[in-house]
Amino acid sequence: MAKIIAITNQKGGVGKTTTSVNLSACVASEGYRVLVVDADPQGNTSSGLGVRVKSTTPTVYEVMAGEVELKDALIRTQVETLFVLPADIRLAGAEIELAGVEGREHVLAEALEAARAEFDYIFIDCPPSLGLITLNALCAADGVLIPIQCEYYALEGVSALMGTIQKVQKINRRLSIEGVVLTMLDARTNLGIQVAQEVRKVFKGKVYNTVVPRNVRLGEAPSHGLPIHLYDPRSLGAQSYQALAKEFLAR
């Protein structure tokens, strides 16, 4: 039975998609069957894993609309046991279309139920907002993984996210904070180190020991459609996400 993890932070540019792509790929490379659900209309997780979504490609939108079976929309990636349920701009319309649907917050959970027995882990890359798609992801998830960048204003908006999580916990009692990932650390600056210390104070034991640094190779990998451990396995970014995957699995 798969554990479902929503990777979310409504603040953009915090390394959410980078974490979705690379953590899932590194967990899969440890021998686990992993599904990544791209729930962001920008579709960056899909392209970051080498999936080029065409107008005829079934996506998470068609699955949520009940037009396509989940199994018919899954795409195998270059990591042997890693699959992706892709997304593109079509998903943006789901916010409006779901608004009048009864039980609208549970549509994704119901769609993913069929995949629970097929995978060990299901990661959901959420959009950078606290809208209906993110609400669906939180209602489907067992845990929430929050990437927070080691920069000024890092904790801005996190209180709103925590408030949303607490509200969703009344609907989805399984939901808990899986962990907090510190990203984009520039170890040359005192600010980055101070922010990391502040985040650890706020979230205490929920913060992973592994910190993801700023790394040029991490920025290059998506343009090649590869996770970092395949693009440049010796890079600092690859080593960080492999360490994070091991720590995630150990927890």
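Structure shown above.
Residues numbered from 1 in each chain as written. Predicted model: local features only at pLDDT ≥ 70, side-chain atom pairs only at ≥ 80, totals over all residues. Heavy atoms only, no water.

Caption draft 1: A look at the overall build of the chain. In terms of regular secondary structure, the chain is built from 11 helices and eight strands. For 251 residues, the compact-globule estimate of 2.2 N^0.38 gives 18 Å, and the chain sits close to it at 17 Å. Along the first, second and third principal axes, the C-alpha atoms of the chain reach 50 × 40 × 30 Å. A buried classification covers 55% of the 251 residues belonging to the chain. Within the chain, counting contacts between residues at least 6 apart in sequence, those at least 24 apart form 78% of the total. Carbon and sulfur atoms make up 51% of the accessible area of the chain, which amounts to about 11,200 Å² in all. Side chains of the chain give 25 positive and 27 negative charges; the mean places of these two sets differ by 7 Å. (Helix = DSSP H or I, 4+ residues; strand = E, 2+ residues; numbered from the N terminus. Rg over C-alpha atoms; globule rule 2.2 N^0.38 Å. Buried < 20%, exposed > 50% of the residue type's maximum accessible area, 1.4 Å probe, protein only. Contact = heavy atoms within 4.5 Å. Areas by Shrake-Rupley, 256 points an atom, 1.4 Å probe, with all protein chains shown as cover. Lys, Arg positive; Asp, Glu negative; His and termini not counted. Charge placed at Lys NZ, Arg CZ, Asp CG, Glu CD.)

Caption draft 2: Fine view of the sheet that holds strand 7 (residues 176-185). Here eight strands make up an open sheet; going across it, the order is 3-4-2-5-1-6-7-8 and the pairing mixed. Since the sheet does not close on itself, it has two edges, and those belong to strand 3 (75-76) and strand 8 (207-213), each with one partner. The strands touched by helix 8 (residues 190-203) are strand 6 (143-149), strand 7 and strand 8; relative to strand 7, the strand with the most contacts, the crossing angle is about 175°. On the sheet, helix 11 (residues 236-250) packs against strand 1 (3-7), strand 5 (121-125), strand 6, strand 7 and strand 8 and is oriented at approximately 165° with respect to strand 8. (Pairing = 2+ DSSP bridges. Axes fitted to C-alpha atoms, helices over the stretch in contact; angles between N-to-C directions.)

Caption draft 3: Broad picture of the nonpolar core. Grouped together as the largest cluster of nonpolar side chains are 54 residues, with contacts concentrated most on L35, L112, I122, I124 and I146. Considering every element that reaches this core, the biggest residue donor is helix 6 (residues 132-140), with six residues. Apart from the residues lying within four places of it in its own chain, the contact partners of I146 are T8, N9, L161, M162, I165, I177, G179, V180, V181 and F203. Within the second largest apolar cluster, 29 residues are counted, among which are L23, V34, F123 and Y241. (Core = buried A, V, L, I, M, F, W, Y, C linked by side-chain atoms within 4.5 Å.)

Caption draft 4: Expanded view of the packing of helix 1 (residues 16-28) against helix 11. Their axes nearest at 8 Å, the elements helix 1 and helix 11 cross at an angle of 70°. In terms of their interaxial angle, helix 1 and helix 11 are classed as roughly perpendicular. As for how helix 1 packs across helix 11, the hand of that crossing is right-handed. Listed contacts from helix 11 to T18, T19, N22, L23, C26 and V27 of helix 1 are Y241, Q242, L244, A245, F248 and L249. Of the residues that constitute the contact of helix 1 with helix 11, the class distribution is eight nonpolar, four polar and no charged. (Parallel < 35°, antiparallel > 145°, perpendicular 65-115°, else oblique. Left-handed = near helix turned anticlockwise from the far one by under 90°. Nonpolar A, V, L, I, M, F, W, Y, C, P; charged D, E, K, R; others polar.)

Caption draft 5: Up close: helix 1. Its 13 residues give helix 1 an end-to-end C-alpha distance of 18 Å, which sits within 8% of 18 Å, the value for a rise of 1.5 Å per residue. Of all 13 residues that make up helix 1, 12 are buried, and the element is covered over most of its length. (Expected span 1.5 Å × (residues − 1).)

Caption draft 6: Representation of the pattern of salt bridges in the model. All chains considered together, the criterion is met by 14 salt bridges. The residue R116 makes a salt bridge to E113 at a minimum N-O spacing of 3.9 Å. Between R217 and D232 there is a salt bridge whose closest N-O contact spans 2.8 Å. In this pair, R217 is assigned in helix 9 (residues 216-220) and D232 in the loop between helix 10 (228-231) and helix 11, connecting sequence segments 15 residues apart. (Salt bridge = Lys/Arg side-chain N within 4 Å of Asp/Glu carboxyl O.)

Caption draft 7: Summary view of the side chain of T210. The topology assignment puts T210 in strand 8. At 2.8 Å, the side chain of T210 forms a polar contact with the side chain of E247. With residues near it in sequence (within four places) discarded, T210 still touches S240, A243, L244 and E247. (Polar contact = N/O pair within 3.5 Å; in protein donor to acceptor, adjacent residues only side chain to side chain.)

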